[in-house]
There are 4 protein chains.
Amino acid sequence: MKVGFVGLGQMGAGIAANVLKAGHTLTVYNRTNSKAATLQSAGAHVAGTPAAAADGSDVVITMLADDRALESTVFGDHGILKALPAGGIHISMSTISVALSRGLADAHKQKQQRYVAAPVFGRPEAAAAAKLFVVVAGDLSAIEKCRELFSAIGQRTFEIGEEAQAANLFKLNGNFLITTVIESLAETFALVRKSGYDQFKFLEVMTESLFNAPIYKTYGKIVASEQFDPPGFKLPLGLKDNRLVLAAAEEQSVPMPIATLVGNNFLTAIAQGLGESDWSAFSKVAYRNAGLE
Amino acid sequence: MKVGFVGLGQMGAGIAANVLKAGHTLTVYNRTNSKAATLQSAGAHVAGTPAAAADGSDVVITMLADDRALESTVFGDHGILKALPAGGIHISMSTISVALSRGLADAHKQKQQRYVAAPVFGRPEAAAAAKLFVVVAGDLSAIEKCRELFSAIGQRTFEIGEEAQAANLFKLNGNFLITTVIESLAETFALVRKSGYDQFKFLEVMTESLFNAPIYKTYGKIVASEQFDPPGFKLPLGLKDNRLVLAAAEEQSVPMPIATLVGNNFLTAIAQGLGESDWSAFSKVAYRNAGLE
Amino acid sequence: MKVGFVGLGQMGAGIAANVLKAGHTLTVYNRTNSKAATLQSAGAHVAGTPAAAADGSDVVITMLADDRALESTVFGDHGILKALPAGGIHISMSTISVALSRGLADAHKQKQQRYVAAPVFGRPEAAAAAKLFVVVAGDLSAIEKCRELFSAIGQRTFEIGEEAQAANLFKLNGNFLITTVIESLAETFALVRKSGYDQFKFLEVMTESLFNAPIYKTYGKIVASEQFDPPGFKLPLGLKDNRLVLAAAEEQSVPMPIATLVGNNFLTAIAQGLGESDWSAFSKVAYRNAGLE
Amino acid sequence: MKVGFVGLGQMGAGIAANVLKAGHTLTVYNRTNSKAATLQSAGAHVAGTPAAAADGSDVVITMLADDRALESTVFGDHGILKALPAGGIHISMSTISVALSRGLADAHKQKQQRYVAAPVFGRPEAAAAAKLFVVVAGDLSAIEKCRELFSAIGQRTFEIGEEAQAANLFKLNGNFLITTVIESLAETFALVRKSGYDQFKFLEVMTESLFNAPIYKTYGKIVASEQFDPPGFKLPLGLKDNRLVLAAAEEQSVPMPIATLVGNNFLTAIAQGLGESDWSAFSKVAYRNAGLE
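First, a word on scope: everything that follows refers to the structure included in this document. Note that the structure is a prediction, hence the values are computed from the model and not measured. (Residues numbered from 1 in each chain as written. Chains lettered and ligands numbered in written order. Predicted model: local features only at pLDDT ≥ 70, side-chain atom pairs only at ≥ 80, totals over all residues. Heavy atoms only, no water.)

## Observations concerning the overall build of chain A
Here comes step 1: What chain A contains, in helices and strands, is 14 helices and 9 strands.
Here comes step 2: Its C-alpha atoms give chain A a radius of gyration of 20 Å, within 12% of the compact-globule value 19 Å for 293 residues.
Here comes step 3: Across the 293 residues that make up chain A, the buried fraction comes to 63%.
Here comes step 4: Contacts in chain A between residues far apart in sequence, at least 24 positions, make up 66% of those at least 6 positions apart.
Here comes step 5: Averaged over its 26 positive side-chain charges, chain A has a centre that lies 4 Å from the centre of its 27 negative ones. (Helix = DSSP H or I, 4+ residues; strand = E, 2+ residues; numbered from the N terminus. Rg over C-alpha atoms; globule rule 2.2 N^0.38 Å. Buried < 20%, exposed > 50% of the residue type's maximum accessible area, 1.4 Å probe, protein only. Contact = heavy atoms within 4.5 Å. Lys, Arg positive; Asp, Glu negative; His and termini not counted. Charge placed at Lys NZ, Arg CZ, Asp CG, Glu CD.)

## Remarks on helix H12 (residues 235–251) of chain D
Residue pairs spaced three or four apart in an α-helix point in one direction, given the helix's 3.6 residues per turn.
Here comes step 1: The end-to-end C-alpha distance of H12 of chain D, which contains 17 residues, comes to 25 Å, matching closely the 24 Å that a straight helix rising 1.5 Å per residue would cover.
Here comes step 2: Within the span of H12 of chain D, buried status applies to Leu 235, Gly 238, Leu 239, Lys 240, Asp 241, Asn 242, Leu 244, Val 245, Leu 246, Ala 248 and Ala 249 of chain D.
Here comes step 3: Tucked into the core, H12 of chain D has its buried residues touching helix H12 (235–251) of chain B, helix H9 (164–194) of chain C together with helix H4 (67–75), helix H6 (98–110), helix H9 (164–194) and helix H13 (257–271) of chain D.
Here comes step 4: Immediately beyond the C-terminal end of H12 of chain D, within one or two residues, lies Ser 253 of chain D, with a positive phi of roughly 55°. (Expected span 1.5 Å × (residues − 1).)

## A word on the interface of chain B and chain A
Here comes step 1: Between chain B and chain A, the contact holds 59 residues from the first and 59 residues from the second.
Here comes step 2: With both chains or domains summed, chain B and chain A bury close to 5,200 Å², and 76% of this area falls on carbon and sulfur atoms.
Here comes step 3: Broken down residue by residue, the surface that chain B buries against chain A is led by Leu 191, Tyr 197 and Leu 210 of chain B, which jointly contribute 14%.
Here comes step 4: At the boundary of chain B and chain A, one finds 2 salt bridges.
Here comes step 5: Arg 156 of chain B serves as the salt-bridge partner of Glu 208 of chain A, at 2.6 Å between the closest nitrogen and oxygen.
Here comes step 6: Joining chain B to chain A, the criterion identifies 10 residue pairs in polar contact (both at pLDDT 80 or more). (Buried area = accessible area lost by both parts, 1.4 Å probe. Salt bridge = Lys/Arg side-chain N within 4 Å of Asp/Glu carboxyl O. Polar contact = N/O pair within 3.5 Å; in protein donor to acceptor, adjacent residues only side chain to side chain.)

## What about the relation of the copies chain D and chain C?
Here comes step 1: Note on the identical chains: chain D maps onto chain C by a rotation of 180° and an axial translation of 0.0 Å, with an RMSD of 0.0 Å. Here the symmetry operator amounts to a two-fold rotation axis. The C-alpha atom lying nearest the rotation axis in chain D is that of Ala 213 of chain D; the distance is 2.4 Å.
Here comes step 2: Residue by residue, 100% of the interface of chain D is reproduced at the interface of chain C, so both copies engage with the same surface. (Least-squares fit on C-alpha atoms with pLDDT ≥ 70 in both.)

## Points about the interface of chain D and chain C
Here comes step 1: At the junction of the two partners, chain D supplies 59 residues and chain C supplies 59 residues.
Here comes step 2: Summing both partners gives a buried area of about 5,200 Å² for chain D against chain C, and 76% of it is carried by carbon and sulfur.
Here comes step 3: Together, Leu 191, Tyr 197 and Leu 210 of chain D form the three largest contributors to the area buried by chain D at its contact with chain C, with a combined 14%.
Here comes step 4: Taken together, the links from chain D to chain C amount to 2 salt bridges.
Here comes step 5: Between the two partners, chain D and chain C, sit 10 residue pairs in polar contact (both at pLDDT 80 or more).
Here comes step 6: Sorting the residues of the side of chain D that touches chain C by element identifies strand E8 (132–138), strand E9 (154–159), H9, helix H10 (199–207), helix H11 (214–225), H12 and H13 of chain D as the ones contributing at least two each.
Here comes step 7: If one sorts the elements of the side of chain D that touches chain C by residue count, H9 of chain D sits on top with 20 residues.
Here comes step 8: Residue composition of the side of chain D that touches chain C, by class: 37 nonpolar, 12 polar and 10 charged. (Nonpolar A, V, L, I, M, F, W, Y, C, P; charged D, E, K, R; others polar.)

## Brief notes about the relation of the copies chain B and chain A
Here comes step 1: Overlaying chain B with chain A gives an RMSD of 0.1 Å, the required rotation being 180° about an axis along which the chain moves by 0.0 Å.
Here comes step 2: Both copies share a contact surface, since 100% of the interface residues of chain B are interface residues in chain A too.

Next comes the structure, spelled out in structure tokens:
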């Protein structure tokens, strides 16, 4: 297939490389050109605008930082919406709001284009290794056509229905669950440490019994050792996702008390100078509030 | 070995049966006699008091509901402390306070007895199937002597040191982590349901990707389907454990904001009539506060 | 002075009447015409658009429900911005975001107009009785010119500086403080009631000793007697103000844990069907969570 | 009347002096003798034990730090219970648990003695100036007999019924309300300060409009200026009262979310080294979490 790709950040670069590796014709666009060079030397074309990446493509994939970036990429003067052919497919992998995903589905439909939301779980290493989990919802014919594409970038694809925004809602809730793992571990580590015991030992007992999921192992190690730099995913992006799940919840009149608690800790982390660290660094708030360090 | 066993509730009955099955001489005591009958017909002796169960035993195991029950079993007129021989071992499997465990270690030491804290993770089914996780701390010679005993009742033993109360602290923190799983899933299920999607589908995506730990599967299913009766572990016991972890945290001046949040929901659950249900029924508070049901 | 007035809701109608009573020439505009009739019969002119109310006026006062309403009133095709003469004064009394107030100050400055933020404290009865507290910030020459106008509508004016948005920030923080009074009283009333005592007696002891402020008396009585209908100020507007203070706090990286707690209760109140009641009805969440009613 | 007085701390010393000034025969006891010297030189007798202070007295007043201190004073070997004559009155002014107050009522009744709970609102300055608010409940004949005594030490007495523990419940709830004032002001001051405005100006606007109660003025000034030393009431005592109101609430299955939030901040304050400061110093947690200082 002819695939356009917009957004070559830590996640996008890995995904795009795997698309290319799977044998597709790839045209990439990134705001800063340098990031495209590696892919270019591997055979990708480089476009000068999002529109140029979408023009004539079967599929255009976007992987951008937030709603604002995606909006300008789609709706802007040199945006995807005008350039993508009728029948063309826009796969949005960014972690964006439920509201924007709903709006994109409508906008593409009016242009006879097809829209699929396909947010992913996994950190940059997983993206590079094609080990992402891909949550897919939207136009069913488009999803069918792109199954091999999803397989090329992830270890497992979950198809969850025809309403694109459902995938975004699942993604935001999943990210929220990760923050609850981080915060709950931080609270226990603080107590274990102040009681005079070893938080790594505690983590081992947990992850080798009831909590033997990758997420407890990965973040448990990061939080126990406070290795927040360099970041895999920067803290303000974590705050952004927290705001997005709370916005989706507010729209449905659903209170999410742990989410607001974590949101407060994100703000504290930023206020205390952790804005350049990994998003899991908000766990330091639990340590500081316990008088540790 | 000659083993005494006090406390034949849902957990204790299964554990005691596995001790017997492993070939040990077993003498059981329970406040209500009827519960001892099954074990008696399988070859166990039945004692009339805790003291009688401890008298002449190499090891006496206690598995009781709370601090108060264990205190009277140990320190009471017909309690274990007076009856257990010098060198005898008390294995306390109950989920009790850090403070009481510390006190028991001291009391047994003064009597030249040996004390081991060995709280377990697992619900009654796991106890019956010898699939518990056993967290062990205390007198090292006693632990060594009891290794086979632990193997007979669990799938894995974690030895974490010489200070008995560390095992209780780990257990309480582990139970707290379980409550965070329950509460966080309930918040996401509430949002997924009110948004018009299927909480079971969401759970499937989570447990087959980043959250593929038994605890998310077990409690995810219970919370998603609201199957809280009959209880595996009653709600007021969950509140009790919440209070114990908060007491341990207060002793160390460690705030645990999610724990207090969950504690409030336990109280609400009791106030709203869920006191006879499974402890995970506090998740209904999230549903009700979202206007569901 | 020639005064235009836009927004004749429960608050605006009372304020406008007092402006008229003070002898000013008044031209009013309201989205629904019927509300203007009473004022018209008292001598006010009725304009067909916000622009018409501003056109030729010395001062135009706006008192609208939210940011969106004020934005369209100011920036819309028939909005104030185009019509207000150079040197004219826009007094914004609405409870709006800090961000919008900052934006209005800029926009008016570019048009050589003067902008004053003058949000008020007080319920509709206080507006009618000219007993409001007026918090004023913005263009200093404009404030000086309008002092008598403020005196005509309130019992006390607080001038707090040249940055208009400061007044809005004070107002939002003040409203937040009111919500803390409501929530804290609700928690105590729940405990007093379930303990078998009289919440009115408790309220009396508090308001005749340390808490003898009008706000404790007014809201204490409403919350103790659960008289939430008819509303003086509807619950979704309370949620809106909660969101505005949290937005201002997020902009400054300031966590406000009680504000998020109250925000969650607002959402629950809406989810449980209290959206048409007085904003203080979120206190019922404390009662329900205590198993009362 | 012949009055015994036990507990000459910052509060007790002032109260006892006013009892003496009112013309009663006073016998005081304090754990550390030095504190009794001033009163002795003013005409008080000094007793060597609580029992000696109660022996032959019409009334014995206790003003102690916590449950434990009061329990040993009443039930100890040289305690009040054995020494107070039949018909004698014990007035307990300490801030103690609802449960202990209930227990004291029972214990005194069995001895044909009379028990009155009379906790007070006010800081040490108010105690010295006889400006306390006294909340009274318990034996009605005893209350009648002591009315002048209450008038001698306070500016206002509230009689709230025959169940003594009601007074303690009111007192604990009142102290909780004070903590909500402190915390809510701290959150607003943090936001006002980080936004570039003056928290004293904000406080002035609030306390001269809707929040013109002494409690907002007193604590507003302390919190805005961070004058936490020397303490009027030490922080760990504030934590104790927080625990007592939560214990009373737990007994009734009433969640109190702001109280748990404040409790967490008390723990943080202690963990961060504020344990010797005034109880209102927990407000620094809000400042620190906002990145201030």
